[in-house]
Amino acid sequence: MSTERSQITLTKQRMYTPKFILICVSSLLFSASYNMLIPELPSYLSSMGGAKYIGLIIALFTLTAGISRPFSGKLTDTIGRKPVMLFGAMVCLICGCFYPILTTVYGFLLLRLFHGFSTGFTPTATSTFVSDVVPRERLGEAMGIQGIAFSTGLALGPALGSFIKLYFSYSVLFYSSSMVALLSLVLMMNLKETLPKKEQFRFALLKITRKDIIAWEALPPAIITFLAYIGFGVILTLIPDWSEAVGFVNKGIFFIVFTVSSLLVRFIAGKFSDSYGRIKVIVVGLLLLLTSLFLIGYLNTKSGLMTGAAMYGLAMGVVSPALNAWTIDLSLPEQKGKAMATMYIALEAGIGLGALCSGWYYQETISRIPLIMYSCSGLAFVGIGYILTVKRNIITNI
């Protein structure tokens, strides 16, 4: 009898199950699919005569991603995690095929708007799925590992995309993005649903009320996420041009260094958040974020930019899994999807605002980039002040 109990306990504590490994690989391919376009889209849009709309490349994408979060959160908690993940991957697949067809500025911007539905759906369901299949006491660690997979895709994507464009064409790049999305989709189809009591989809589920939009219990990590990811929107928008200005030919190098650095720390940071508490780890991450954004703007050389990229990767590698796990900690058991959607709404709002404002102010004037980076550094400082102020009023399991 005691042997059976120990086996049950061991099973409950297992994290590296086939489900978890499969969702991590799928997550890697999904993020690579849409992010492999990022380094080349500014020059692609400029070639069509749309240079003044560069800030909209990320802003439009994150706009629909943010708008779709309440829907993805509600559907994740009702019809299941798997259909929501599949829908997002399908959007990536379709959009990649349409970029070579819609060759006007407004057609391109419309497509970016539609493409945003991909990250509005899949990541919400993916994070919720992970929380379903791992032990509660290892949630931070699991979020760190899943983040490693996602971030690996974010890094490999731009590097691969720049390589394809360098030796082939924009069309080959776009179709390659679709192929990577298809691989992610195939892996998702092999996952088993984890929602115990799922409903059949009906259009009535798409009716969103005010109570469906925000999980108020998840607001503290959402606010920190918003402040932290404004800088990420700026990075996605300006780093390709900033990299070129300091002398890099491959505009994806920054993202490689950033992600490798992030990978090195995520596993440890996730474990630390399980052991020492989410808030302590997040504060450390915000301090790193503050410093890295300042350095990216201040050290305008190849080595300086790489130093900033490495520290930025450490910062995001520390902050991201702790924020994800903290959101699940604060969520109601039957509304984990809604809580994750709230956090991702803040994430998309931060990225979109950062991209839109920086693109508006930048106007292809390289000398303005340092000031933009310093401003983002200041927002990380605001985040530290906020989290320390509300710390005593937050009741969690930390």
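Keep in mind the model is a prediction, meaning the values are calculated, not measured.

**Q** What's the story with the environment of Thr-64 in this structure? I'm lost.
**A** The topology assignment puts Thr-64 in helix H4 (residues 56-78). Residue classification places Thr-64 among the buried residues on the basis of a relative accessible area of 7%. On a C-alpha basis, the gap between Thr-64 and Thr-119 in space is 8.9 Å, while along the polypeptide they are 55 residues apart. The residues touching Thr-64, leaving out its near neighbours within four places in the chain, are Arg-112, Leu-113, Gly-116 and Phe-117. From its side chain, Thr-64 meets the backbone oxygen of Leu-113 in a polar contact 2.4 Å long.

**Q** Would you mind showing me how to read helix H11 (residues 219-246) here?
**A** With 28 residues, H11 extends 39 Å between its outermost C-alpha atoms, agreeing within 8% with the 40 Å of an ideal straight helix rising 1.5 Å per residue. Taken as a whole, H11 carries its principal kink of about 50° at Leu-238; the proline Pro-240 stands between one and four residues after it. When you tally the buried positions in H11, you get 23 out of 28 residues, the bulk of the element. At the exit of H11 stands Gly-247, carrying a positive phi of roughly 115°.

**Q** So what exactly am I meant to see when it comes to the side chain of Thr-237 here?
**A** Note that Thr-237 resides in helix H11. On the basis of relative accessibility, which here comes to 4%, the residue Thr-237 falls in the buried class. There is a polar contact of 2.8 Å between the side chain of Thr-237 and the backbone oxygen of Gly-233. Sequence-distant contacts of Thr-237, that is, excluding residues within four places in its chain, are made with Ile-54, Gly-55, Ile-58, Ala-355, Ser-358 and Gly-359.

**Q** Looking at this structure, I do not really get the pattern of salt bridges. What am I missing?
**A** Should their charged atoms come close, side chains of opposite charge can pair. Tallied over the full model, the rule gives seven salt bridges. For Asp-77, the salt bridge goes to Arg-81, with nearest N and O atoms at 3.5 Å. The network of salt bridges with common partners includes Asp-77, Arg-81, Asp-132 and Lys-336.

**Q** In this structure, what is going on with the nonpolar core? I would like to understand it.
**A** One broad rule of soluble globular proteins: the nonpolar side chains tend to lie buried together. The biggest cluster of nonpolar side chains holds 109 residues, and the ones touching the most others in it are Phe-20 and Phe-254. With 14 residues, helix H14 (residues 302-330) is the largest single contributor of residues to this core. Setting aside residues up to four positions removed in sequence, Phe-20 forms contacts with Met-15, Val-130, Val-133, Val-134, Ala-142, Ile-145 and Gln-146.

About the criteria used
- By convention here, each chain's residues receive numbers from 1 onward along its written sequence.
- Local features in a predicted model are, by the rule used here, given only for residues with pLDDT of at least 70; side-chain atom pairs are given and counted only at 80 or more, and totals for whole chains, interfaces and linings are based on all residues.
- Hydrogens and waters are ignored; side-chain quantities use all the structure's heavy atoms.
- Elements are defined by DSSP. Helices are runs of H or I of four residues or more, strands are runs of E of two residues or more, and each kind is numbered from the N terminus.
- Residue burial is assigned from relative accessible area. The probe radius is 1.4 Å, only protein chains are included, and a residue is buried under 20% of its type maximum, exposed over 50%, and partly exposed in between.
- We call two residues in contact whenever any of their non-hydrogen atoms come within 4.5 Å of each other.
- Contacts described as polar in this section are N or O atom pairs within 3.5 Å, which, within protein, must combine one atom able to donate a hydrogen with one able to accept it, while residues neighboring in sequence count only if both atoms come from side chains.
- What a helix is expected to span follows from its residue count: subtract one and scale by 1.5 Å.
- Think of it this way: the bend at a residue is just the angle between two axes, each fitted to seven residues, one set ending at that residue and the other starting at it.
- What counts as a salt bridge is simple: a side-chain nitrogen of Lys or Arg found within 4 Å of a carboxyl oxygen of Asp or Glu.
- Here, the term nonpolar core denotes a set of buried Ala, Val, Leu, Ile, Met, Phe, Trp, Tyr and Cys residues that are joined through side-chain atoms within 4.5 Å.

Structural measurements only, silent on function.
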